[in-house]
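Here's the letter readout for the chains.
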Amino acid sequence: MSAELPEINANEFKKVVESRRSVRFYTKDSIPEDVMRQCLDMALLAPSSFNLQPWEFYWVRSPEKKQRLIKACLYQSTAKTAAELVVCVARRKTWRKNRKEILEKIEAGNTGIPDSHIRYYKNLIPFFYTQGILDSIGFLKSIIYYVRGIFVPTPREPVSINDMKIWAVRSSSLACENFMLALRSFGYDSCPLEFHDSSRIKRMLGLPYDAIITMVITAGKRAPNGVYGERMRLNKINFIKEV
Ligand SMILES: Cc1cc2nc3c(=O)[nH]c(=O)nc-3n(C[C@H](O)[C@H](O)[C@H](O)COP(=O)(O)O)c2cc1C
């Protein structure tokens, strides 16, 4: 059964989206812990492939780790002045554990998931996401997909570890955007960072080898000189194609 839909105010959402900027300088204001927790919770409400939630958010709170993270972000001003630092990690291998948990929930009670979908969890997900040693299973699947695809529409990916990386980063990026928009809705700001030393961050957080740093997100209250000028977007005819 679906939850009742709340009243929506598109203008408020537009304000959130339009006022989100990548902030490079923050004030000394802190972000209330409760706000951070609510924003992280909203990050987890992002859609994900088969609801397998291939993400983790590391809210770096220890002063010592924060300093190491700022260093790993090459002392960018947005990291140095941020009230909070969060590392979003994409996990290409947690689908097994998360699928098992979803199946347990399905078995425990009425989740409203249709039978066709339960079949996906039982059979198709392991088929889709197992790639084998050196992508051996993925390679066999790519042949099957190619032949089948001649006759009927067929999903072509993922068939390699690289595809699985894209798979995990795709969903985790959506969670990052949720997080940043949530911060803005509370009047706080953020900046996503890809310019960092991922090896150092992984070592500091003790992450396993399949972990990919999707991005580091800085957060705080925007300083008067916090953004680099007016928002710049290129002509939308380059990006929105009506076909
Ligand atoms: C994946 C990703 C990585 C980014 N990495 C950095 C970064 O390392 N340092 C930085 O200052 N800004 C970074 N940015 C912010 C972009 O420069 C910024 O989003 C872009 O200039 C558009 O500005 P706006 O976000 O204010 O609209 C990144 C943005 C994204 C989406």
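Look above for the structure.
Undergrad: Please explain the packing of aromatic side chains as it appears in this structure.
TA: Two numbers describe a pair of aromatic rings. These are the distance of the centres and the angle of the planes. One pass over the full model with this rule turns up 10 aromatic pairs. Consider the rings of Phe50 and Tyr121, whose centres lie 6.4 Å apart with planes at 70°: the pair is edge-to-face. Of this pair, Phe50 sits in the loop between helix 2 (33–43) and strand 1 (55–60) while Tyr121 sits in helix 6 (residues 115–129), and the two are 71 residues apart along the sequence. Taking the relative accessible area as the measure of exposure, Phe50 reaches 22% and is therefore partly exposed. The exposure class of Tyr121 is buried, given its relative accessible area of 3%. The interplanar angle of 55° and the centroid separation of 6.2 Å between the aromatic rings of Phe128 and Tyr129 together place this pair among those described as tilted. Look at Phe128 and you get buried, because its relative accessible area is 14%.

Undergrad: Can you walk me through the packing of helix 3 (residues 63–72) against helix 9 (residues 198–205) in this structure?
TA: If you want to describe how two helices pack, look at the angle between their axes and the distance between the axes. The geometry of helix 3 relative to helix 9 is characterised by a closest axis approach of 9 Å and an angle of 165° between their N-to-C directions. Judged by the inter-axis angle, helix 3 sits roughly antiparallel to helix 9. Of the two elements, helix 3 crosses helix 9, and the hand of that crossing is left-handed. Residues Lys65, Arg68, Leu69 and Ala72 of helix 3 pack against Arg200, Ile201 and Met204 of helix 9. Partitioned by chemical class, the residues of the contact of helix 3 with helix 9 number 4 nonpolar, no polar and 3 charged.

Undergrad: I keep staring at a nonpolar patch on the surface and nothing clicks. Help me out?
TA: On the surface, Phe139, Leu140, Ile143, Tyr146, Val147, Ile150, Phe151 and Val152 cluster together into a nonpolar patch covering about 860 Å² of accessible area. Mapping Ile150 onto the fold places it in helix 7 (residues 136–151). The exposure class assigned to Ile150 is exposed, which follows from its relative accessible area of 54%.

Undergrad: Help me understand the pairing of strand 3 (residues 189–193) in this model?
TA: Here is the key point about a regular strand: its side chains alternate between the two faces of the sheet. For strand 3, a buried count of 4 out of 5 residues is recorded, marking the element as mostly surrounded by other parts of the structure. In terms of strand pairing, strand 3 meets strand 4 (residues 211–220) through 5 bridges, oriented antiparallel. Across the sheet, Asp189 pairs through a bridge with Gly220, a residue of strand 4.

Undergrad: Even after reading the chapter, I still don't get the site of the ligand, so can you show me in this structure?
TA: Arg20, Arg21, Ser22, Arg24, Gln76, Cys191, Pro192, Leu193, Glu194, Phe195, Arg231 and Arg233 make up every residue found near the ligand. Between the ligand and Phe195, the relevant distance is 3.0 Å, taken from an oxygen atom to a main-chain nitrogen or oxygen of the residue. In isolation the ligand has 620 Å² of accessible area, and contact with the protein removes 67% of it. Each residue belonging to the shell around the ligand can be placed in one class, and the counts come to 4 nonpolar, 2 polar and 6 charged.

Undergrad: What's the story with the pattern of salt bridges in this structure? I'm lost.
TA: Opposite charge on two side chains lets them pair, provided their charged atoms get close. In the structure shown here, the tally under the stated rule is 12 salt bridges. With a shortest N-O distance of 3.0 Å, Glu12 and Lys15 are connected by a salt bridge. One end of the pair, Glu12, and the other, Lys15, are both in helix 1 (residues 10–19), 3 residues apart, so they sit about a helical turn from each other. The residue Arg200 makes a salt bridge to Asp197 at a minimum N-O spacing of 2.6 Å.

Undergrad: Please clarify how helix 9 should be interpreted in this entry.
TA: Side chains that are three or four residues apart share a direction in an α-helix, a result of its 3.6 residues per turn. Of all the positions in helix 9, only Ile201, Met204 and Leu205 are classed as buried. Down the axis of helix 9, the smallest arc covering the buried residues is 90°, so these residues share one side. Next to the buried residues of helix 9 lie strand 1, helix 3, strand 2 (84–91) and strand 4. In the stretch just after helix 9, Gly206 is the one whose phi turns positive, near 65°.

Undergrad: So what exactly am I meant to see when it comes to the environment of Lys122 here?
TA: If you trace the backbone, Lys122 turns up in helix 6. According to the relative accessible area criterion, Lys122 is partly exposed, its value standing at 43%. Along the chain, Lys122 and Val216 lie 94 residues apart, while their C-alpha atoms are 34 Å from each other. Excluding residues within four positions of it along the chain, Lys122 makes contact with Arg99, Leu103 and Glu107.

Rules behind the numbers
Residues numbered from 1 in each chain as written. Predicted model: local features only at pLDDT ≥ 70, side-chain atom pairs only at ≥ 80, totals over all residues. Heavy atoms only, no water. Phe/Tyr/Trp six-rings, centres within 6.5 Å; stacked < 30°, edge-to-face > 60°. Helix = DSSP H or I, 4+ residues; strand = E, 2+ residues; numbered from the N terminus. Buried < 20%, exposed > 50% of the residue type's maximum accessible area, 1.4 Å probe, protein only. Axes fitted to C-alpha atoms, helices over the stretch in contact; angles between N-to-C directions. Parallel < 35°, antiparallel > 145°, perpendicular 65-115°, else oblique. Left-handed = near helix turned anticlockwise from the far one by under 90°. Contact = heavy atoms within 4.5 Å. Nonpolar A, V, L, I, M, F, W, Y, C, P; charged D, E, K, R; others polar. Patch = residues over 30% accessible without salt bridge, like charges linked within 9 Å, V, L, I, M, F, W, Y side chains within 5 Å. Areas by Shrake-Rupley, 256 points an atom, 1.4 Å probe, with all protein chains shown as cover. Salt bridge = Lys/Arg side-chain N within 4 Å of Asp/Glu carboxyl O. Pairing = 2+ DSSP bridges. Near = heavy atom within 4 Å. Polar contact = N/O pair within 3.5 Å; in protein donor to acceptor, adjacent residues only side chain to side chain. Arc of directions from axis to C-beta.

It is worth stressing that arrangement in space is one thing and function is another; only the former is reported here.
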